[in-house]
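Results of the structural survey
For reference, the chains in residue letters:
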Amino acid sequence: MWKVKKRMHVTILWKYLLPWLNWKTSSVSSGEKKKTDEIDVKGMFYLKCVLYPLSVCWGVYCLVHYQYKSWWSWFISSLADFAYTFGFLNMMPQIFINYKLKSVAHMPWRVLMYKAFNTFIDDVFAFYISKCL
């Protein structure tokens, strides 16, 4: 508990007659965190520029080449595909940060492998479920 108190500063603010907790974290090295945040924003920008249009094109491709019972089923299927894309999108910036900083200290390799394995399993089961139905 003392580590939490050392890193987190909690203050209580009263808004709308209700108490609200305000969390502030104290960073060990704000310059390093700022650099990491800049790389994270840059990586997310590049991924969004590529994957958002790709997801829209995939939705249009599915509409043209696959048969659906209704517009609703196409919409739900496209939303599921977009959700899988966003899961992938959330994992990739960490790899970009590690590459740019030439370090893997920002995320333990076990956590990275867990995220990669989790994304892979989600995509595989989504593919099998959509093909079996």
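Going by the structure above, here's the rest.
Residues numbered from 1 in each chain as written. Predicted model: local features only at pLDDT ≥ 70, side-chain atom pairs only at ≥ 80, totals over all residues. Heavy atoms only, no water.

Before going further, it helps to spend a moment on the overall build of the protein chain. Each helix and strand counted, the protein chain has 4 helices and 2 strands in total. Moving toward the C terminus, one meets the helices and strands of the protein chain in the order α-β-β-α-α-α. When burial is assessed residue by residue, the protein chain has 17% of its 133 residues classed as buried. Taken as a whole, the protein chain presents about 11,200 Å² of accessible surface, with 69% of it coming from carbon and sulfur. (Helix = DSSP H or I, 4+ residues; strand = E, 2+ residues; numbered from the N terminus. Buried < 20%, exposed > 50% of the residue type's maximum accessible area, 1.4 Å probe, protein only. Areas by Shrake-Rupley, 256 points an atom, 1.4 Å probe, with all protein chains shown as cover.)

Looking now at the packing of aromatic side chains. All chains considered together, the criterion is met by 5 aromatic pairs. Centre to centre, the rings of W58 and Y61 are 5.4 Å apart; their planes meet at 25°, and the pair counts as stacked. Of this pair, W58 and Y61 both sit in helix α2 (residues 30-65), separated by 3 residues, roughly a single helical turn. For W58, a relative accessible area of 39% corresponds to the partly exposed category. By relative accessible area, which is 39% here, Y61 ends up partly exposed. (Phe/Tyr/Trp six-rings, centres within 6.5 Å; stacked < 30°, edge-to-face > 60°.)

Taken together, V10, I12, W14, L21 and W23 make up a surface patch of nonpolar side chains, about 610 Å² in accessible area. Those elements giving two or more residues to the nonpolar patch turn out to be β1 (8-15) and β2 (18-25). The greatest single-element share of the nonpolar patch, amounting to 3 residues, is contributed by β1. Turning to its location among the elements, I12 is positioned in strand β1. (Patch = residues over 30% accessible without salt bridge, like charges linked within 9 Å, V, L, I, M, F, W, Y side chains within 5 Å. Salt bridge = Lys/Arg side-chain N within 4 Å of Asp/Glu carboxyl O.)

Summarising the element assignment, S55 is placed in helix α2. When its relative accessible area of 7% is taken as the criterion, S55 is described as buried. In contact with S55, not counting residues within four places along its chain, are F82 and T85. (Contact = heavy atoms within 4.5 Å.)

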